[in-house]
Amino acid sequence: MTAIAAKAELQRPEGDGPAGLLRALLDDSREMTAVERFAKLHDEGAPPAQSKYYRDLIPAGLPDQGEQYAFDVDLDACSGCKACVSACHHLNGLEPTETWRNVGQLYGEGSSLGGTSGGLPVLQHVTTACHHCVDPGCLAGCPTNAYEKDPVTGIVRHLDDQCFGCQYCTMACPYEVPQYSKSKGIVRKCDMCHGRLAAGEAPACVQACPNGAIRITVVDVAETVARTDRGLFLPDSPPSQLTNPTTVYRTKRGLPTNVAGADAGFAEPQHAHAPLVAMLTLTQFSVGAVAVGSVVRWLGGGVGADAAIVLGMLAGQAGLAVAPLHLGRPHLAFRAVLGWRHSWLSREAIMFGVYAAFSIGAAVFATLPYVEPWMPEFVSKLIEKLVPVALRTPVEALAIVAGAVAVYCSAKIYIFTGRTFWLGSRSLLKFAGTALVLGLAAASATIGIAGGSASALAWLAVIVAGAKLAYEASLLAHRLDHEGDLRLTARLQLGALKPVTVARFAVGAAGVASLLIAGLGVLPPLFAPLGATALLAGEFVERWLYFSTVVPLRMPGGMPTR
Amino acid sequence: MSTVTKQPGAESPSEKQGLLGQLLNIVHQKNGVLTRELLREPGRFGLGQVPSRLKPDATTDMVCGYCSTGCSLRIHLKDGEAINLTPTTEYPVNLGMACPKGWEALSVLDADDRATTPLLRTATGDLAPVSWDRAMTTMRDRFQKIGREHGPESVAFLSTGQLVTEEMALLGALTKFGMGMVHGDGNTRQCMATAATAYKESFGFDAPPFTYQDFEESDVIFLVGSNLCVAHPIMWERVCRNPHAPAIIVVDPRRTETAMAATLHLPIKPKSDLSFFYALAHILVREGWIDREYIEESTDRYEEFAEFVHAYTPERAAEASGVPVETIEQVARTIHEGKRVSFWWTMGVNQNYEGTRIAQSLINLALMTGNLGRPGAGANSITGQCNAMGSRIFSNTTGLYAGRDFKNAEHRQEVAEVLDIPVESIPTVDSWPYHQIIEGIRTGAIKGLWVICTNTSHSWIHQEDARELLSKLDFLVVQDMYHTTETAQQADLVLPAAGWGEKEGTFINSERRFGVVKKVRRPPGEALPDFSIFRLVADYWDCGEMFQRWSSPEAAFGVMQDLSRGRPCDLTGMGDYASIDHAGGAQWPCVEPAAEVDQQRRLFEDGRFYHEDGRAKFIWEETRAMPEEPDKSYPYLLLTGRGAASQWHTQTRTGKSAVLRKLYPQSIYVEVHPDDARREGIQQHSQVSVASRRGKLTATAFLTPTVQPGQVFIPMHYEATNRLTLAHFDPYSHQPSYKDCAVKLEALESEL
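Residues numbered from 1 in each chain as written. Chains lettered and ligands numbered in written order. Predicted model: local features only at pLDDT ≥ 70, side-chain atom pairs only at ≥ 80, totals over all residues. Heavy atoms only, no water.

Per an unreviewed UniProt entry, chain B carries the name Nitrate reductase and comes from Botrimarina colliarenosi.

An unreviewed UniProt entry lists chain A under the name Anaerobic dimethyl sulfoxide reductase chain B, with Botrimarina colliarenosi given as the organism. In its Subcellular location (unreviewed entry) section, the UniProt record describing chain A reads: "Cell envelope". (UniProt positions renumbered as here; feature names shortened; annotations may be inferred.)

Quick look at the structure:
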């Protein structure tokens, strides 16, 4: 019999039967003994034990001028174990479901283009985290300046306490790096374990890769920009021209260009962002109504035109009021303007602020003639002195200009993301179209109710709304494409979100039909407001689809879960 | 911690002062509650920086409880309890690395479906919480009633390769010597039985001869039916550390991660293994590329074997395997030219109706070329579960302790003496293997079953049949960490068990290394370590007296050492847990103190084997066709296997970690070759029906050229997979052959 540590022996109470044993066993199971029996002694002065494995995987010194730190991934060494993901999670103390690193797969038919694959099929795992881009989309997009690119290391850091949770960076980053935490109301992301690097330690992922596939290197910024501007980054990944990612993926065995992510061709409905749907639709409605109302007034319109301006102003206020609802920390909404130098979101916030002032002014001018008769004379005189009627047209004109710029900023926010469904005219035409359709429809409704002749406006609304519907419908033809994100968007609209798509076109068509009836002028004027309401509803649904059927840019992922 | 030099951009956050500071802070807040949540600071204990809120006050090391690699994890403790972990830097197995399962080992202990009290099936069919006393009394009364009516052998048990060795040993003694059971087997039947049988027949003892250092010393590495990168990522780490630029030859029908990393991938047709490896032997014989001296000194029956492989020509192998003759010739030459050739295999060989002979076809290659007992050589079985080896040697199921034989009177006498029990209490016949126990339910021979730490209703081949049979039992007891396992859901009584990290004991890894498991967490509710549950059962069964010596896991380890004395797996020098811990694990045999023996030891360095004549045997057999070849109605061959490194077996644990769940597809999928998909009208990522003659499932199609045309692959981790599999077995090891049955595909979604 060999030596047995006495501590482990269970002392059983004498003569107490199975119940006594049970009690003793339960007590024993609650006793923690590992420390006293096995705790390790360590040399407190020594460098971290793991440093012997990662010493060669981190740079010896700081980057020079024109250089920065970058992840360097040896694809040949990455065997797909994903230890980097869990190590990052545990060594950074992340939330239970939070991960800052991800591993996707590229698959491809064999290629005889050099390398060792020798015509056999290709399976390549790709580990990815923040690429600490030269021109980070998150940083450029952030309205609160919650991102900083360290001037020395180039590490892109997120200031968690500065963030107000607008989640725009989750769209502006082409690599799905910033992760939003609902419970915290902010996003967080990989910081390349900057404090570890500063202390001469390796980032968690570098420490944990069994095959040393991830290292930190110093890269030349200009060279990185030149390379990524030519699109040289990784097959089947977002266009590297967007942000100039610094991560270097290297392989000696070669990677055929025809490889595709395991999730290529897969799309699922995205978050619809209801407050943003409301905000965009209502503010565009507002700008349209104020603009059409003003123009009609300049052309001699009456009560109906004034009403359109007031209605437009109110819609704008409502739209701006709901906007903060999508913030994780709405009490910090004022920070939205801080990033005006780089963020279209800040610019949008500022321009809608300007627009709000002028549109309120225009609405005041529109209202004054109707309330003046009830005012004491000195009040109306005072008002006339402070805001002379001569200013009315300039105020309206400025409201239109500010509104148009604000809507343009709104569109730029989404165009900036590089997502195909949001590119160029697909945002601009839609946003401008919404403003025009709803402006015309609203004005035809108010003028119609006021007893004026709204036929011309109704006809215009019918033409523009019809054209917009046709433009939106033209996207569906992309379902037959062989590849590309528009194909996926079209398939989402005809697949998982078919009821929404049907609703969009049905309500839109109903609106057009109603206004057509209003334009013909044969039936009571009720049809203009009815049509305008239907078109407004239709635009809400259009915007819902705009968010929920976009295909985000992303790194190659894993086989999707269905 | 060494001195910390600070860099720009790495300043420690400090609150801004004053009114201006507060104002500035509102506009640009660099610090605050949210920032502090992610602060890192030196963790001491040689750890480097750790999250500040998870800073330990002590650490201890223990082996991981998933696979047989046997990595050591450094547990970060606070007030005696585990709060985090990192892989142990110095451990000779994993050298500071771990796979995601290891990193996540603690989080799965917190799952909300942990069994916290015993659960008893009520009259209305629900599982309702009961006291331990009620549970134990019911279990005893029901099993004893069955025993009285049908004989004690009508109650059986199914155990596991996931318990600590001490628990397996106590369970084996309790059931067979105390409770009178005859039949008990482990889920190791599903993973390692083939390797164990092959070694026993060839070497005279179930003795994997290698040490992991061999991965680093080989110049030719054969990996057969092993996706090492995914199934054993840390062993792959050792291959990557090999400084000799080895030839890595991967034999696998699928283009796996490991195949990608190989210098040569041989995508042989499924079940052409024997033809292929016999052809290699054929060429070696033909060319005289053999180690004549080794053959003469250390082996038996070479000449007959050489005669036998004469018929297995490279042409025949090329025909069977689809690998060109020139490649086969070249592979044989690679073996010949290699100085240190190692042959490694795992489930592709083991879970195969010809598995034992295939394993031996590799052993034969090693023997005839003298590639055994030398650094970087060997015919090496890579084990599955963390303690499959413990189960093979000490579970007292199909073999008596320490590789003994129930039918051998001398062996029974030895065990009776060590345990101080009447020799008559030791059964004189072998236990039935797993599939005969299951079959015994059908015939009425088995009426009561105790399932410990395994998930038969998910993992057993031809699942529907297995489930139906389990439902026929008079009384089914399931002992598990989770009350939600498919098998627990069928149980009459569920016993709540403590998990890895909540109890003590040892695991034995692939390379025969004992490692210590420690108690670093409190089990939830009234869950008890399996060891304690067994002691409780003994007490209620009124045979507690028989197990006086088994007073604690460490005491049981002492018993095991005594049982091992003089056996090939002699542990008598290992000392106690602390000495194993301090030695960095200890490989058997170990007759000297653990701290004084070499950390990397291999067997058979003297060319002597465990057969009475000291020689290893060449063993062979004609190859046989698979019983259910694909045909017109079921045109595809279904392969099953490991999905991702973050998945483990039936997912009872890995399914409980939010991080691991992000690392593999949540729903079942089937890999289909694009050509087959085109023919069947199956779109990428669409839903398809996969049906065999036994069952049917719906899966997401994943079109990939990494499976060959005519074959489909479904990971084994999804519950539905085994609805399809065909119950057939290796006749020697009785291991189920999971990787060959015919299925058909049907597209369930058409193009938009």
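Next, the rest of the story.
UniProt marks residues 57-113 of chain B with the feature "domain: 4Fe-4S Mo/W bis-MGD-type" (unreviewed entry), using the numbering shown here. In residues 57-113 of chain B, helix accounts for 7% and strand for 35%; the two terminal C-alpha atoms are 30 Å from one another. (Helix = DSSP H or I, 4+ residues; strand = E, 2+ residues; numbered from the N terminus.)

The next subject is the sheet that holds strand 9 (residues 248-250) of chain A. Backbone hydrogen bonds hold the strands of a sheet together, and the pairing may be parallel or antiparallel. Residue and element names in this part refer to chain A. Taking strand neighbours across the sheet as the criterion, the three strands line up as 8-1-9 in an open arrangement whose pairing is mixed. Looking at strand neighbours, the two that pair on one side only are strand 8 (214-220) and strand 9, the edges of this open sheet. Along the sheet, successive strands turn relative to each other by an average axial angle of 35°, direction set aside. Inspection of the sheet shows strand 1 (residues 67-74) paired to strand 8 by seven bridges, in the antiparallel sense. Residue pairing for strand 8: Val73 is matched across the bridge by Ile214. Sheet strands in contact with helix 9 (residues 221-229) are strand 1, strand 8 and strand 9, and its direction is about 100° off that of strand 8. (Pairing = 2+ DSSP bridges. Axes fitted to C-alpha atoms, helices over the stretch in contact; angles between N-to-C directions. Contact = heavy atoms within 4.5 Å.)

Here we come to the interface of chain B and chain A. Between chain B and chain A, the residue contacts involve 125 residues of the former and 109 residues of the latter. Between chain B and chain A, a total of about 10,100 Å² is buried, with carbon and sulfur atoms accounting for 56% of that surface. Inspection of the chain B/chain A interface yields four salt bridges. For A:Glu148, the salt bridge identified is with B:Lys30, shortest N-O distance 3.1 Å. (Buried area = accessible area lost by both parts, 1.4 Å probe. Salt bridge = Lys/Arg side-chain N within 4 Å of Asp/Glu carboxyl O.)

Next up on the list: the UniProt feature "transmembrane region" (unreviewed entry) in chain A. Residue and element names in this part refer to chain A. In this numbering, the UniProt entry assigns the feature "transmembrane region" (unreviewed entry) to residues 276-296, 308-328, 349-371, 397-416, 428-450, 456-480 and 501-520. In residues 397-416, the share of helix is 95% and the share of strand is 0%. The end C-alpha atoms are 28 Å apart. Helix makes up 100% of residues 501-520 and strand 0%, with an end-to-end C-alpha separation of 28 Å.

Residue and element names in this part refer to chain A. Between helix 16 (residues 455-474) and helix 18 (residues 498-520), the shortest axis-to-axis distance is 8 Å and the interhelical angle comes to 160°. Judged on the interaxial angle alone, helix 18 and helix 16 are roughly antiparallel. In terms of crossing hand, the pair formed by helix 16 and helix 18 is left-handed. Contact residues: helix 16 offers Ser455, Ala458, Trp459, Ala461, Val462, Ala465, Gly466, Lys468, Leu469, Glu472 and Ala473, while helix 18 offers Arg504, Phe505, Gly508, Ala509, Val512, Leu515, Leu516, Ala518, Gly519 and Leu520. Along the lines of polarity and charge, the residues of the contact of helix 16 with helix 18 split into 14 nonpolar, four polar and three charged. (Parallel < 35°, antiparallel > 145°, perpendicular 65-115°, else oblique. Left-handed = near helix turned anticlockwise from the far one by under 90°. Nonpolar A, V, L, I, M, F, W, Y, C, P; charged D, E, K, R; others polar.)

Before going further, it helps to examine the side chain of B:Asn242. All names here are of chain B. By secondary structure assignment, the location of Asn242 is in the loop between helix 9 (233-240) and strand 11 (247-251). A relative accessible area of 8% places Asn242 in the buried class. Among the polar contacts made by the side chain of Asn242, one reaches the main-chain carbonyl oxygen of Glu216 at a distance of 3.3 Å. Among the polar contacts listed, one links the side chain of Asn242 to the backbone nitrogen of His244, at a separation of 2.7 Å. (Buried < 20%, exposed > 50% of the residue type's maximum accessible area, 1.4 Å probe, protein only. Polar contact = N/O pair within 3.5 Å; in protein donor to acceptor, adjacent residues only side chain to side chain.)

Another point: the nonpolar core. B:Trp450, B:Trp550 and B:Trp588 are the most contacted members of the largest nonpolar core, which has 138 residues in total. With nine residues, the single largest contributor to this core is helix 11 (residues 273-287) of chain B. In terms of domain composition, this core takes at least three residues from each of domain 2 (119-189 + 387-592) and domain 3 (193-381) of chain B. Counting 71 residues, the second-largest nonpolar core is a separate cluster that includes A:Phe233, A:Met555, B:Leu663 and B:Leu703. (Core = buried A, V, L, I, M, F, W, Y, C linked by side-chain atoms within 4.5 Å. Domains from an automatic or database assignment.)

The next point concerns the domain arrangement of chain B. All names here are of chain B. Under the domain assignment used here, chain B contains domain 1 (36-110), domain 2 (119-189 + 387-592), domain 3 (193-381) and domain 4 (636-747). Domain 1 and domain 2 are separated by 29 Å when their C-alpha centres are compared. Listed by partner, the interface residues are 24 residues for domain 1 and 22 residues for domain 2. Here domain 1 is connected to domain 2 by two salt bridges. Between Arg521 and Asp110 there is a salt bridge, with its nearest N and O atoms 2.9 Å apart. Applying the counting criterion to the domain 1 and domain 2 interface returns twelve residue pairs in polar contact (both at pLDDT 80 or more). Ranked by the residues each element gives to the side of domain 1 that touches domain 2, the list is headed by strand 3 (residues 58-63), at four residues. Across the side of domain 1 that touches domain 2, the residue classes break down as 15 nonpolar, six polar and three charged.

A word on the pairing of strand 18 (residues 493-496) of chain B. Residue and element names in this part refer to chain B. By the alternation rule, side chains of strand 18 split into Leu493 and Leu495 and Val494 and Pro496, which are all buried. Looking at chain direction, strand 6 (residues 119-121) and strand 18 are connected through two bridges and run antiparallel. Opposite Leu119, over in strand 18, you have Val494 as the bridge partner. With four bridges joining them, strand 17 (residues 475-480) and strand 18 adopt parallel strand pairing. Paired with Gln479 across the strands is Leu495, a residue of strand 18.

All right, on to the pattern of salt bridges then. Under the counting rule described, the total for this entry stands at 57 salt bridges over all chains. Across the salt bridge formed by A:Lys468 and A:Glu539, the nearest N and O atoms sit 2.6 Å from each other. Highlighted residues: A:Lys468 in helix 16 and A:Glu539 in helix 19 (residues 527-548), separated in sequence by 71 residues. Across the pair, A:Glu539 and A:Lys468 agree in class, each one buried. B:Asp465 is the salt-bridge partner of B:Arg442, the closest N and O atoms lying 2.6 Å from each other. Here B:Arg442 is found in helix 20 (residues 434-443), whereas its partner B:Asp465 is found in helix 22 (residues 463-472), with 23 residues between them in sequence. A relative accessible area of 38% places B:Arg442 in the partly exposed class. Here the salt bridges do not stand alone but share partners, grouping A:Lys468, A:Glu472, A:Arg504, A:Glu539, A:Glu542 and A:Arg543 into one network.

Turning our eyes to something else, we now look at a nonpolar patch on the surface. Taken together, the side chains of A:Phe334, B:Leu19, B:Leu23, B:Ile26 and B:Val27 make up a nonpolar region of the molecular surface, amounting to roughly 480 Å² of accessible area. Along the chain, B:Leu19 turns up in helix 1 (residues 18-27). (Patch = residues over 30% accessible without salt bridge, like charges linked within 9 Å, V, L, I, M, F, W, Y side chains within 5 Å. Areas by Shrake-Rupley, 256 points an atom, 1.4 Å probe, with all protein chains shown as cover.)

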